[in-house]
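Structure assessment
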Amino acid sequence: MPIQIDLGSSPSLANSSSRNENDLDLSKEIVVGIDLGTTHSLVAWSDPAGASNHVSIIKDSQNRSLFPSAVLLNPESGNLEALGWQALERVKTDPTLSKNLIVSIKRFMGRGLKDVGEDAKFLSFALSEDSLGGQVLLKSGQSTWNPIEISASILKALKTQAEKQIGKKVRRAVITVPAYFDDAQRSATKAAGRLAGLEVLRVFNEPTAAALAYGWSHEKPGKILVFDLGGGTFDVSILRIEKNIYEVLATQGDVKLGGDDFDKALMDWLRSQSSVVEWESVPLGVHKTHAEVLKRELSEKTESVYQGPVGSGKLLSREFAEGLWQPLIDRALSCCLKALEAAQLKISDIDDVILVGGATRMPSVRLAVKKFFNRDPNISLNPDEAVALGAGLQARALATQAADKLLLDVIPLSLGLETFGGAVSKLILRNSTLPTEAREVFTNHAENQTGFDFHILQGERELVGDCRSLARFKLKGLEPAPPGFHRIEVIFRIDTNGILNVKARDLRSQKSHGIEVRPSFGLSESELLTMLESADRYALADMEARQLVDIRVEAETVVRAAEKTLVNVGGRVGARERSDFEARLIDLKNALSSSSSENIRRALDELDEVGRELAELQVNQALSLSLSGKEIANMGQIKDK
Amino acid sequence: MRPFSTLGVKPFLFLNESASQILHQIFLEKNLELHPDRLPAAARKPDSPEAQAAEEKAAMLNADYADLKSPDRIIKRVLMDNLGPPTAKNSLPPAFAMEYFDFQEKVESLNLCLGQSLPDDLQKELLHFKNRIGKECERKIQERTGQTMQFPFLGKAESPSEYLSPWKAEDLAKLQSIDFEIRFFNQFLNDLKRRFG
């Protein structure tokens with residue numbers, strides 16, 4: 001559903017998503033900021049009634065802020081099996097499941113089969129294309145998944161996690177996207193938010209979010225360059241910060257360049273060193289996990305021995321790996337050069353270079369940036385959390401009465417119309433400040449012509465075949481008239497989210513005209529509404545599935561704690577108590593493999609019942625260890641802690 | 001007269017650096033006033049009339065500021081906006097529209113693609129349209145605003161390269177290939193459609 005259409009009284013997306021919540025006062029609502037990343041996602045929030053500019057990152061029960069953007073599907077049914085850390089842990093325990101693990105789904109958002117290319121290597125799924133929307137689809141078991149649905153399931157999990165920590169319902173969000181995402185990708189992200197039960201107040205550019213987080217802690221005017229190398233995408237944005245106005249001067253990027261590609265470069269080399277049969281006998285996901293470990297080790301050490309299923313024992317130096325990565329780094333630096341050119345600035349005009357995104361932890365990336373800009377890059381922001389923090393700040397600004405900072409973002413790619421001979425006439429140029437618009441007047445060319453066709457494209461190239469098709473429009477319902485009679489003004493407006501809206505009106509009668517949209521990618525409005533209806537219909541089933549996921553996580557934690565308790569204090573209870581406990585522990589482990597949350601709950605309660613004595617002993621042991629050697633006078637403080 | 005009136009400045013075609021900076025400050029101040037994010041939170045719901053009106057005003061401001069940064073775009077905008085929405089009074093005569101559509105059909109029937117040049121007779125016809133429209137535009141702007149503005153790209157251009165005469169020499173060099181000629185011919189047709197139907 002890439003394009004929003006606004007024609008007078010026609011229902012808009014926003015209308016339908018919020019029709020039951022019109023009485024809500026936005027200033028009292030919690031709005032979260034979500035960094036929906038290729039490899040990991042995060043949520044930040046702040047209490048609108050709390051201290052100004054206080055934003056926190058949501059953490060899970062194990063104090064982890066990162067939530068892997070990973071989804072595990074059931075091998076037979078193809079239904080959703082596990083999400084986030086749980087999905088990764090399941091694959092770690094049983095590597096054969098890796099072929100059912102979906103990672104890097106962000107690379108497929110708003111994309112057609114033709115666009116996917118090399119990215120298909122990140123998945124072990126059969127890919128097909130939606131015959132109507134052109135969006136790539138993933139086939140698993142009996143199910144077919146749209147990337148929007150997969151992203152929605154990740155967003156839903158993040159929403160639930162946030163609600164648990166905040167203790168309130170979360171209905172609204174700001175979601176970040178790479179600055180270089182085109183209209184179809186932005187719209188797909190917005191649709192995913194809506195499917196997850198969120199009203200998306202803003203689709204917000206990742207580097208701009210990072211700049212906001214930077215400005216939050218650095219309150220000084222100047223021109224900054226944000227170098228954002230994430231898991232799957234690269235963005236560079238140049239901003240001028242002045243009197244609380246964050247003005248993006250230019251943005252450039254590569255939506256197919258990120259930390260994943262550095263892993264892939266290592267994988268490609270390792271594959272070249274082994275036989276095809278040997279390499280292909282191991283699931284792709286397993287190779288990827290080991291390549292990622294190698295990359296991390298080479299960020300810490302100058303050499304490392306590869307410990308993977310194929311090619312184990314090979315010694316790699318960081319210098320050698322840097323040779324493999326150099327083309328990727330060159331691509332990123334070339335984007336920086338283009339951004340400087342577009343902003344009409346020299347390297348020396350930049351006051352600070354901010355590194356964001358987990359992949360900027362790599363020493364080779366930092367060194368390349370330092371050499372290119374002839375200065376030490378600013379690494380003061382947590383590269384994983386900066387975007388989420390910025391999104392949280394923007395969410396707060398949108399939720400509270402007065403935004404003290406104003407962000408002026410830009411459209412990353414030009415927008416144009418197909419003209420004769422397959423050329424593209426640019427309507428709105430890239431790096432134009434948002435929101436923006438272009439107006440075109442059309443007339444009927446033939447006798448009794450009752451409509452027009454338009455083909456909207458996005459990109460910098462001059463020919464239709466080299467640009468990305470966004471949608472085809474049909475302006476219809478014109479009264480039959482002689483040529484040149486009708487004067488229809490079509491307004492192409494790009495909103496603050498960077499998403500195109502189209503309006504049409506007859507300049508003679510001032511009446512609105514119907515426009516029929518056929519999006520080139522993604523979901524049509526009717527498809528999205530069907531999905532939302534299904535979500536309502538299956539809400540109970542979804543809730544049960546969610547309960548199962550939650551109770552499994554709880555049970556797995558209890559199993560780990562129980563095993564530790566047995567080791568620590570198992571010898572201090574009677575043989576009968578111990579054997580009862582061991583038997584119930586086995587029952588719980590067995591229940592974990594079932595798909596009944598009731599069975600797991602029962603097994604958990606039974607283990608709890610027989611394990612009280614052991615639990616008390618474990619607590620006493622922990623207490624006595626923590627108190628040993630302490631003065632009586634300090635015990636009150638320790639207890640308070 | 002838009003785009004100048006949106007930013008509250010007098011009409012100009014070229015800006016020096018200090019004037020550019022002043023215009024930029026005006027642009028920022030206007031954004032502080034008009035941007036949808038500056039609305040009170042209660043009015044900031046995406047579907048509220050206030051939010052939609054603010055989106056519209058801010059979009060107009062940003063588009064007009066973008067045009068004011070380029071003399072070429074100012075010329076195009078002045079042409080478009082000052083000729084106003086087509087009416088019986090300011091439209092070109094219907095005979096001209098018919099003539100133009102005939103021409104357009106002839107071009108379309110050739111199924112021109114990149115690498116092919118326009119036949120000589122159509123080249124002449126194209127030149128005829130350029131001259132006629134150029135003169136017509138200059139006359140109308142003079143009539144309505146009292147200002148004389150030069151429209152070099154609608155003047156006596158003999159080739160698509162000359163049609164783009166306000167461009168820099170290095171840009172013109174890029175336009176020598178026939179592919180670019182076709183492209184700018186297309187652009188010209190688009191301009192014709194935009195202005196006169």
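Everything quoted here is computed from the prediction, not taken from an experiment. (Residues numbered from 1 in each chain as written. Chains lettered and ligands numbered in written order. Predicted model: local features only at pLDDT ≥ 70, side-chain atom pairs only at ≥ 80, totals over all residues. Heavy atoms only, no water.)

A few points about helix H16 (residues 597-610) of chain A
Residue and element names in this part refer to chain A. Over its 14 residues, H16 runs 20 Å from end to end, which matches the ideal 20 Å to within 8%, given 1.5 Å per residue. Where H16 is concerned, the buried positions are Ile600, Ala603, Leu604 and Leu607. Angular distribution of buried residues about the axis of H16 spans 100°; they occupy a single face of the element. Residues of H16 that are exposed and point more than 90 degrees away from the buried face comprise Glu598 and Glu609. (Helix = DSSP H or I, 4+ residues; strand = E, 2+ residues; numbered from the N terminus. Expected span 1.5 Å × (residues − 1). Buried < 20%, exposed > 50% of the residue type's maximum accessible area, 1.4 Å probe, protein only. Arc of directions from axis to C-beta.)

Section: the sheet that holds strand E7 (residues 80-83) of chain A
Residue and element names in this part refer to chain A. Taken together, the three strands give an open sheet; going across it, the order is E7-E6-E8, and neighbouring strands pair in antiparallel fashion. Looking at which strands have only one partner, the edges of the open sheet turn out to be E7 and strand E8 (101-102). Running over the sheet, helix H2 (residues 84-93) touches strand E6 (71-73), E7 and E8 and is turned about 105° from E7. Across the sheet, helix H4 (residues 147-166) is in contact with E6, E7 and E8; its angle to E7 comes to roughly 50°. (Pairing = 2+ DSSP bridges. Contact = heavy atoms within 4.5 Å. Axes fitted to C-alpha atoms, helices over the stretch in contact; angles between N-to-C directions.)

Looking at the packing of helix H7 (residues 259-272) of chain A against helix H9 (residues 284-300) of chain A
Residue and element names in this part refer to chain A. With their axes 9 Å apart at the nearest point, H7 and H9 run at an angle of 105° to one another. Viewed along their axes, H7 and H9 adopt a mutual orientation that is roughly perpendicular. Only Leu284, His287, Lys288, Ala291, Glu292, Leu294 and Lys295 of H9 make contact with H7, whose side of the interface consists of Gly259, Asp260, Phe262, Asp263, Leu266 and Met267. Residues of the contact of H7 with H9, tallied by class, amount to six nonpolar, two polar and five charged. (Parallel < 35°, antiparallel > 145°, perpendicular 65-115°, else oblique. Nonpolar A, V, L, I, M, F, W, Y, C, P; charged D, E, K, R; others polar.)

Considerations on the environment of Gly167(A)
All names here are of chain A. Its location among the elements puts Gly167 in the loop between H4 and strand E12 (172-177). Take Gly167: its relative accessible area is 61%, and that puts it in the exposed class. Taking C-alpha positions, Gly167 is 30 Å from Ser104, a pair spaced 63 residues apart along the chain.

Observations concerning the environment of Glu563(A)
Residues and elements named next belong to chain A. If you trace the backbone, Glu563 turns up in helix H14 (residues 539-569). Glu563 gets classed as partly exposed once you look at its relative accessible area, which sits at 35%. Put simply, Glu563 and Glu89 are 474 residues apart on the chain and 18 Å apart in space, counted from C-alpha to C-alpha. Residues in contact with Glu563, not counting those within four places in the same chain, are Leu585 and Lys589.

A few points about the confidence of the model for chain B
Caution is warranted with low-pLDDT regions, since their predicted coordinates should not be read in detail. Residues and elements named next belong to chain B. Predicted confidence across chain B gives a mean pLDDT of 64, with 37% of residues reaching 70 or more. Ranking the elements of chain B by mean pLDDT puts helix H7 (residues 160-163) last with 38 and helix H3 (residues 49-68) first with 92. Below pLDDT 50 for its whole length, residues 83-92 participates in 21 contacts with residues either more than four positions away or in separate chains. Every residue in residues 150-186 scores below 50 in pLDDT, and together they form 75 contacts with partners more than four places removed in sequence or on other chains. (pLDDT = per-residue confidence, 0-100.)

Focus on the environment of Leu229(A)
All names here are of chain A. For Leu229, the position within the fold is in strand E14 (residues 222-229). Of the residues examined, Leu229 reaches a relative accessible area of 2% and is grouped as buried. Measuring from C-alpha to C-alpha, the distance between Leu229 and Asp254 comes to 9.7 Å, with 25 residues separating the pair along the chain. For Leu229, the contacting residues outside a window of four places in its chain are Phe234, Leu257, Gly258, Phe262, Val356, Gly357, Gly358, Ala359, Thr360 and Val365.

Considerations on the packing of aromatic side chains
Residues and elements named next belong to chain A. Within the structure shown, the criterion is met by five aromatic pairs over all chains. Note on Trp269 and Phe320: the rings are 5.0 Å apart at their centroids and 65° apart in plane angle, and the pair reads as edge-to-face. One end of the pair, Trp269, is in helix H7; the other, Phe320, is in helix H10 (residues 318-342), with 51 residues separating them in the sequence. Since its relative accessible area comes to 18%, Trp269 is described here as buried. A residue is classified by how much of its surface remains accessible, and Phe320, at 36% relative accessible area, is partly exposed. (Phe/Tyr/Trp six-rings, centres within 6.5 Å; stacked < 30°, edge-to-face > 60°.)

A closer look at the side chain of Ser364(A)
Residues and elements named next belong to chain A. If you trace the backbone, Ser364 turns up in helix H11 (residues 363-373). For Ser364, a relative accessible area of 7% puts it in the buried group. Those residues in contact with Ser364 that sit more than four places away from it in its chain are Glu322, Trp325 and Ile329.

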